[in-house]
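Each chain, letter by letter, is given below.
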Amino acid sequence: TMRDFPEGIRSVVLDSAYPLQTSLIIDVPANMDRAFDTLFAGCAADTVCDEAYPNLEETFYATVAQLDETQPLIEVSDFFKGERYEAVATGDILVASLFQALYSAEIIPALPKMIYDTAAGDFQLLSLLTSNAISQQEFISHAMNTSVQCHEEVIFDTPEDADAAVAPFPQLVDYFGDTTLDFALCDLWDAGSAADVENEPVSSDIPTLVLAGEYDPITPPAFGLLAAETLPNSYYFEFPGLGHGVSVSGDCPQGMTLAFIDDPVTAPDDGCIADLGAPAFEVPLAEGEAAEITFV
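This write-up is about the structure you can find in this document. (Residues numbered from 1 in each chain as written. Predicted model: local features only at pLDDT ≥ 70, side-chain atom pairs only at ≥ 80, totals over all residues. Heavy atoms only, no water.)

Let us look at helix α12 (residues 251–262). Compared with an ideal rise of 1.5 Å per residue, which puts twelve residues at 16 Å, α12 spans 16 Å between its outermost C-alpha atoms and is within 8% of the ideal. Along α12, the positions that sit buried rather than exposed are Cys 252, Pro 253, Met 256, Thr 257 and Phe 260. All buried residues of α12 project into a common sector of 130 degrees when viewed along the axis, lining one side. In α12, the exposed positions that point more than 90 degrees away from the buried face belong to Asp 251 and Asp 262. In this fold, the buried residues of α12 make contact with β1 (12–15), β4 (208–213) and β5 (234–239). (Helix = DSSP H or I, 4+ residues; strand = E, 2+ residues; numbered from the N terminus. Expected span 1.5 Å × (residues − 1). Buried < 20%, exposed > 50% of the residue type's maximum accessible area, 1.4 Å probe, protein only. Arc of directions from axis to C-beta. Contact = heavy atoms within 4.5 Å.)

Here is the structure:
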């Protein structure tokens, strides 16, 4: 829209940017691995989290393998339909649940506990996160998503590109499985092919605020920086401890977004970012310690 219909656009907010020149299919393995590493490193850098959940990365991938072997049943729910199911908890379920949970700043602090609980055979948090992912499908039009991705994204890649993208991450190869399926689906879907310009950077002088979350698993900070490179009147900010959709993830990014909308030719005050810090990871309570519960 900035490129094709700039008339009348006063300013733009790109929250968790997805630049045209990137490839969602090809970049997903690297983006997933980066987000997982950010979580593992974040816990390791937190003395309390590291003491409660040491060797988090090794525990996670060992648990993925354990679930593939044991395949326990867990109970999941579709919150919107009010239905409950039994599901097989494979390693793919754990990988998918972690990936999806990293979108949310509210869920990120509980993820080390979820991994350790699952490793110990306590599937309560895994069931909850899986249920959340199932329920979110109510908000997704898979037909529209397929039409857009096939027309504007998959057409610029090849199955060989997809295989090469997964290869550097052997711990995720089983999760991504047959990388040719997206291309086979697009062949059947017949959504047509976008022009080459739809795979090129967007250049624009429109004042733009570009926001990125440190833990975002799908549109990482590098995507935001890439988008900003060809937007000379842009302001880029990365928010520690946050995932996807940062503009609505707290007072700091929301306040900066509103300030930019009020005055898009002035960089918003980013002093509040320094106060955000790392996630407050949940850890087991010490013996005799009472939980503090806040009702919002």
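Let us now look at the sheet that holds β4. Taking strand neighbours across the sheet as the criterion, the three strands line up as β1-β4-β5 in an open arrangement whose pairing is parallel. This sheet does not close on itself; its edge strands, each paired only once, are β1 and β5. Within this sheet the neighbouring strands show an average axis-to-axis angle of 15 degrees, counted without direction. As paired elements, β4 and β5 share six bridges and run parallel to each other. Looking at the pairing, Thr 208 lines up with Ser 234 of β5. Where helix α11 (residues 221–229) meets the sheet, its contacts fall on β4 and β5, and the angle it forms with β5 comes to roughly 175 degrees. (Pairing = 2+ DSSP bridges. Axes fitted to C-alpha atoms, helices over the stretch in contact; angles between N-to-C directions.)

This brings us to the pattern of salt bridges. Between side chains of opposite charge, pairing is possible as soon as their charged atoms come close. Applying the stated criterion across every chain yields a total of five salt bridges. Asp 4 serves as the salt-bridge partner of Arg 3, at 2.6 Å between the closest nitrogen and oxygen. Given the relative accessible area of 25%, Arg 3 is considered partly exposed. A residue is classified by how much of its surface remains accessible, and Asp 4, at 40% relative accessible area, is partly exposed. Glu 75 is the partner of Arg 84 in a salt bridge, and the nearest nitrogen-oxygen pair spans 2.2 Å. Taking the relative accessible area as the measure of exposure, Glu 75 reaches 43% and is therefore partly exposed. (Salt bridge = Lys/Arg side-chain N within 4 Å of Asp/Glu carboxyl O.)

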